[in-house]
Structures are given as C-alpha cells and as structure tokens.
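# Inside the fold
Okay, here's what each chain looks like letter by letter:
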Amino acid sequence: MSEQLQTTFRDVLRSVRLWHIWVRLGFLDLRMRFRRSAVGPGWIFVNLAVLVVAIGFIYANLLGQDPRDFIPYLTIGLILWNYLTNSIVEGGSAFVNCEGYIKQIGLPIYVYLLRAFVSVGLTTLITMCAFVIVALYYRLPITTGTLFALPGLAMITTTSLLLITIFAHLNTRFRDIAHMAQVLLQVLFYVTPVIFPADLLLRRRPNLAYVVQLNPMYHLIEVVRRPLLTGAPADWHSYAAASVILIVLGVGATMVIAVFQRRIVFAL
Amino acid sequence: MASIHLENVDLEFRVGAERHDTLNSVLAHRFGLRRRRVPRTVNALQNVSLSIRAGERVGLIGHNGAGKSTLLKVMAGIYPPQRGRVAVEGHVCPLFEFVTGFEMEATGWENIRTRALLLGMMPKEIERKLESIAAFSNLGEFLDIPVRHYSSGMYIRLAFATSTAVDPQILLLDEVMAAGDAAFIESARDRMNDLMERASLVVFATHSLDVLPRFCERTILLRKGRVVADGPTEEVVRLYTEGQPVTEPTLANAELARAGSPR
C-alpha cells in the first residue's frame, strides 16, 4: 500500500478516536437546525406524526388494512425509510457544509462524516419516540423476540455510516448527485413496502415478488421492522440481502476513500 | 520534537468553472452536447523544499498571490501536494482567515467551544479557559446571542480570542493581525507574543515587515510559488524590499548582493 494510502487510513482511524469532537458537533448540528423554529427538535416528531395520521387512516381504508396493524407498520417504516434517505441526501453535504472548517483547521476530514452520522442518527432517534408512543397505544407485543431488532439496528446503522461516506465524497465532487439520488428515492418510495404491506402485493400479484425482493431498502427496513412489530426475526432472505448490501457498501466506502483521499478538499 | 519538513512539493489547483462539477456536465460532454472546456491549472507552489526545527520562528513573506497562504495550508495538512513529501511532527495549530468556520445560528459561547474543540483543546481545558477567552474577546453580553448578528470585527475578536487560547506545538499564522480596531490590535499584540512564546515552532506569514525582525530570526521569501530566499530575516527582507530584479533572485544572487554592499 502506498504511503499516501497508509496516511489516509490512519486519518480515518484518527478521526474515529476524536469522538469527543464529532459527537459534540453532531449534537450541536441538531440543536442549530431547530434554533429558529417554534417547536424545536420536536418538529421532526410532529412532522412524522402528521404524515402517519394523514397516510395512515386513508391508506388503511384504501388497502383494507386494520389500523391497529397498519399504523405501527407505517410509522416504523417511515422512520427507517427516512433514516436511509437522510443518510444519502444529508450525508451528501457532510463535507460541503463544513467547508469553512476543512479549509481552516487541519483536522482529518473524516470527523465531518462522523458528525453527519451522529446528526442523522439523533434525528432518527427522536422520531423513534413517535414509534414508542404508537407501540404503547396499540399495545404491540414486547417479548424477548423483540430483541431480534438489535442486529437489524446494527445493520441499518452501519449502512447509514457507509452511505454517508459514499455520498459525501461523490456529492462533493459532483454536486448534483445528492439531488439525483433524492429524485430516484422518491420514485423508489412508491414501490417499497412502506405505505403498503409487502404481503398484500405478494398475495395479489405473486409474479411481482421481484419488486419487493430486489429492493435493498425493503430488506434493510425489514430486519428492524419485523422484530419490532411481531417479536419474530425477519425472513432469512432479508438478513442475507442486508449482509450483501453491507458488504457492497463497505467496499464502496473503502473505494471512495481510497480514490479521493485528502484530495477531496480540491472539490470544495 | 516539533518539526516541519517539505521536499520538492508541488501544489496545483485546477480552476473553477472549467471543471466538470456536476454529473450532468460530465454526461453532456460525453454525449457531445457540450464542448469540452480546457481546465486551467494554477501552480500555487513549485518545487518547495524547506526544513524547520523546534525552537525556530520563521517568517514567510512575498507579494499577494506568491503562495504564502497555500504553503501554510500545506503545512497544516489541509492541501495534499500533487508531488513531493510533507512531514510534520507535532500538533499543528493554524490561525488562518477568521471569516469562515462559524456556526451562524449558535451563540458566541457555543462557537467558542466548537472552535476550541476543533483546534485540539480537550473539553475540560475548554471549560477552564472559557472565562478568560470570553473576557479577552470583550464581547460581553453579545456572547449570548447567535453569531449571525455579529459584525466582522466581532467575528475576528471571537475567533482570535479562542484561537490564541490553545497551547500549540506548531503555530501557523496567516496575516491575522491585519484587521481589528486600534485598541484591539494593542491587546492582540501582547496575546500574540504570549502565544508565540508558548509555541515550540512558529511560521508567520505577514506583510508587516517592521514587526517581522522582532518575532522571527529566519525568513522565507516566496515568489510565484517558489522559494527564492531562505535565511536571516534582515537580509531576506532587504532582498524583498530592495529588489524588483529582472532575473529571478536566487540564494546565490542574495549572497552576491550581500558581498557587494557595504557592511
């Protein structure tokens, strides 16, 4: 490995060790976003709640679903979908937003990726409170089986970090990538089992099963959603798919770091 | 032991609008919809080699655009050179332009904490020094409001107060005393001296040739990205002020000039 590449990977490790910096920056980032709003960080929560109520009751009727099952399903689905989407779209501006710091202070740049990771993660945690309320209201079963959600959470959290890494580099170099991704994700949203249950589609049109099975977002969401809703682990396909996705993203993130290294600063 | 070592460093910038900075423009070019514009390359630093050891205070002079700021940023690890080696030992504390690097919605206090963290101060140290930083900035109650309301002078006071509270091993200064009102400059001078004394190694880019001999025993003269002189401050300054030479001045020429002038 060339000397430069060694330095770069040492920089990545150095960045991780500087957790006292990026954790604080992540919290600060979140506080700042809602400084000027009336409700504060609660706004994220209200946003989700309104969405759940609006979509929930209409689609429950439309799709012939029992709200007691559908509302929790929808809530956790939206939360996890937003987690992934924010990782891509907001993660994309991780470097761009910190341009001032990057060009003035010689910290290894990967702390800014970790900052974004904390910021996006905290936002998601806040919305999880909405799910907790929904779960309590609809008396979702909480068993030991619910703990199966933990490996799922580990997978989706790692995915978030890897997506932030990949898109922060790509979007800094090509400033329209985050926007393009956002547009594509909007389309993907309508075919992903978030606002409709997967088995509804699979029962009515079994030949469209591939739409669900080939959708990476679906699997990443399922490994967390299924245990939380039913206390049982998700299908093994989903764990397998999520693992493959993690490997692919891991390779992607490594490649993107190795290709750009510190030269990403020239794209700022 | 703190040290800075540069070997044959080249730094190039590929300039602005000529670059493809969107995927759209790359694709458009690929499909022949847009003429390829040739990107321009600016050679900010050319074949720069220098070595600075602990205990040295080195000045950095040259005309605007000579590459002083760029050289400092290479030393700080902000810009990686295209060619050559950079080896820096010790914790670097850069004091560069203060205009960016603020959280606009955050209060003065929050910005002090953030900046101090980024400069390498540990949280406990920051809390200890918070009062004295706030006192020196002289911003009083303004620290409680978001900094987006600040004037440019206030930004400078805030950033300066924070940045000068670090304990640096290597201090890199880029023309930081240029702005601010008279009273501030006076108090800043003492604080700067203090800071420079605490540092093990200082590189100080400046246009103020009168203060330079007081701080730095050695000075490097840059011209168009090249090191044209590297030696005792008084001589290099003389070379800079006396010459607008037709040929590129070199160290050899400086020797000749010195030998020729009466001492």
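Attention now goes to the overall build of chain B. When helices and strands are tallied, chain B shows nine helices and nine strands. Within chain B, the fraction of its 263 residues that count as buried is 38%. If you take every contact in chain B between residues at least 6 apart in sequence, the share linking residues at least 24 apart comes to 72%.

This next bit is on the nonpolar core. Grouped together as the largest cluster of nonpolar side chains are 140 residues, with contacts concentrated most on B:Ile170 and B:Leu172. Not counting residues up to four positions away in its chain, the partners in contact with B:Leu172 are B:Leu72, B:Met75, B:Ala76, B:Val92, B:Pro94, B:Leu95 and B:Val203.

Right, let's talk about the sheet that holds strand β9 (residues 226-232) of chain B for a bit. Residues and elements named next belong to chain B. The strand order across the open sheet formed by six strands is β5-β6-β7-β3-β8-β9, and the pairing between neighbours is mixed. Looking at which strands have only one partner, the edges of the open sheet turn out to be β5 (92-95) and β9. Pairs of neighbouring strands in the sheet enclose a mean axial angle of 15°, with direction left out of account. Pairing analysis gives six bridges linking strand β8 (residues 218-223) to β9, with the strands arranged antiparallel. Its bridge partner being in β9, Leu221 is matched across the sheet by Ala229. Here helix α2 (residues 68-75) sits on the sheet and contacts β3 (57-61), β5, β6 (170-174), β7 (201-205) and β8; the angle it forms with β7, its principal contact strand, is near 155°.

All names here are of chain B. With antiparallel pairing, three strands are arranged side by side in an open sheet as β2-β1-β4. Two strands bound the open sheet, and with one partner strand each, they are β2 (40-53) and β4 (83-89). Each neighbouring strand pair of the sheet contributes to a mean axis angle of 25°, computed without reference to strand direction. Of the pairings in the sheet, the one linking strand β1 (residues 3-15) to β2 comprises 10 bridges and is antiparallel in character.

Moving on: the domain arrangement of chain B. All names here are of chain B. Under the domain assignment used here, chain B contains domain 1 (1-30 + 38-91 + 169-175 + 187-263) and domain 2 (97-167). On the side of domain 2, six residues touch domain 1, which itself brings seven residues to the contact. It is helix α6 (residues 182-198) that provides the largest number of residues to the side of domain 1 that touches domain 2, a total of five residues. Along the lines of polarity and charge, the residues of the side of domain 1 that touches domain 2 split into three nonpolar, one polar and three charged.

Once that is clear, we can look at the interface of chain A and chain B. Taken together, the contact between chain A and chain B spans 25 residues of the former and 25 residues of the latter. Those elements giving two or more residues to the side of chain A that touches chain B turn out to be α2 (19-33), α5 (99-104) and α8 (177-191) of chain A. Ranked by residues supplied to the side of chain A that touches chain B, first place goes to α2(A) with six residues. Residues that form the side of chain A that touches chain B fall into these classes: 12 nonpolar, five polar and eight charged.

On to the packing of helix α4 (residues 67-89) of chain A against helix α7 (residues 149-173) of chain A, then. The packing of two helices is summarised by the inter-axis angle and the distance between the axes. All names here are of chain A. Contact geometry of α4 with α7 gives a least axis separation of 7 Å together with a crossing angle of 25°. On the basis of their axis angle, the class for α4 and α7 is roughly parallel. Where α4 approaches α7, its residues Leu80, Tyr83, Leu84, Ser87 and Ile88 are matched on the opposing element by Ile156, Thr159, Ser160, Leu163, Ile164 and Phe167.

A few words now on the pairing of β5(B). Residues and elements named next belong to chain B. Alternating positions in β5 separate into two faces, Val92 and Pro94 on one and Cys93 and Leu95 on the other, with burial throughout. As paired elements, β5 and β6 share four bridges and run parallel to each other. For Pro94, the partnering residue across the bridge sits in β6 and is Leu172.

Rules used throughout
- Residues numbered from 1 in each chain as written.
- Chains lettered and ligands numbered in written order.
- Predicted model: local features only at pLDDT ≥ 70, side-chain atom pairs only at ≥ 80, totals over all residues.
- Helix = DSSP H or I, 4+ residues; strand = E, 2+ residues; numbered from the N terminus.
- Buried ≥ 20, exposed ≤ 12 C-beta atoms within 10 Å, placed from the backbone.
- Contact = placed C-beta atoms within 7 Å.
- Core = buried A, V, L, I, M, F, W, Y, C linked by C-beta atoms within 7 Å.
- Pairing = 2+ DSSP bridges.
- Axes fitted to C-alpha atoms, helices over the stretch in contact; angles between N-to-C directions.
- Domains from an automatic or database assignment.
- Nonpolar A, V, L, I, M, F, W, Y, C, P; charged D, E, K, R; others polar.
- Parallel < 35°, antiparallel > 145°, perpendicular 65-115°, else oblique.

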